[in-house]
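Summary of the model geometry
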Amino acid sequence: MAGTVTVRWFAAAGQAAGRPEESLEVDGATTTQALLARAVDAHGPQLGRVLPVCSVLVDGQLDERRSRVLPPGVTVDVLPPFAGG
């Protein structure tokens, strides 16, 4: 099933992506890792340098392995480490 997911880029990830949020196409077999790789291709290597230290949540649930298959309609949050916790 094809559709879109919302990706919300926070802090340094948003700076690297050049935007705080965007909608990206998924095809029913797209994993979190594949989606992020497409985003690096679209936004450049600076995003690729930031992503390894980021936490990734899919609809509020941590996806440590970035292996979750993304159905249309979910929200992916990309959160770099924040200072001052």
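Look a little higher up for the structure.
Residues numbered from 1 in each chain as written. Predicted model: local features only at pLDDT ≥ 70, side-chain atom pairs only at ≥ 80, totals over all residues. Heavy atoms only, no water.

Let's shift gears to the overall build of the protein chain. Secondary structure assignment for the protein chain yields three helices and five strands. Against the compact-globule benchmark of 12 Å for 85 residues, the protein chain has a radius of gyration of 12 Å, which places it among compact chains. The principal-axis extents of the C-alpha atoms in the protein chain amount to approximately 40 × 25 × 20 Å. Within the protein chain, buried positions represent 38% of all 85 residues. Counting only contacts in the protein chain whose residues sit at least 6 apart along the sequence, the fraction spanning at least 24 positions is 57%. On the protein chain, roughly 4,800 Å² of surface is accessible, and the fraction owed to carbon and sulfur atoms is 51%. Of note, the protein chain has its 7 positive side-chain charges centred 5 Å away from the centre of its 9 negative side-chain charges. (Helix = DSSP H or I, 4+ residues; strand = E, 2+ residues; numbered from the N terminus. Rg over C-alpha atoms; globule rule 2.2 N^0.38 Å. Buried < 20%, exposed > 50% of the residue type's maximum accessible area, 1.4 Å probe, protein only. Contact = heavy atoms within 4.5 Å. Areas by Shrake-Rupley, 256 points an atom, 1.4 Å probe, with all protein chains shown as cover. Lys, Arg positive; Asp, Glu negative; His and termini not counted. Charge placed at Lys NZ, Arg CZ, Asp CG, Glu CD.)

Pairing in this open sheet of five strands is mixed, and the strands run 2-1-5-3-4 from one edge to the other. For this open sheet the edge positions go to strand 2 (21–26) and strand 4 (61–62), each flanked by a neighbour on one side alone. Here strand 3 (residues 55–58) pairs with strand 5 (residues 75–79) via four bridges, running antiparallel. Paired with Val 58 across the strands is Val 76, a residue of strand 5. On the sheet, helix 2 (residues 32–43) packs against strand 1 (3–9), strand 2, strand 3 and strand 5 and is oriented at approximately 120 degrees with respect to strand 2. (Pairing = 2+ DSSP bridges. Axes fitted to C-alpha atoms, helices over the stretch in contact; angles between N-to-C directions.)

With respect to the secondary-structure elements, Val 40 resides in helix 2. Overall, the relative accessible area of 22% leaves Val 40 in the partly exposed class. Each C-alpha atom of the pair Val 40 and Asp 77 lies 15 Å from the other, and the pair is 37 residues apart in sequence. Setting aside residues no more than four positions away along its own chain, Val 40 makes contact with Leu 47, Gly 48 and Leu 51.

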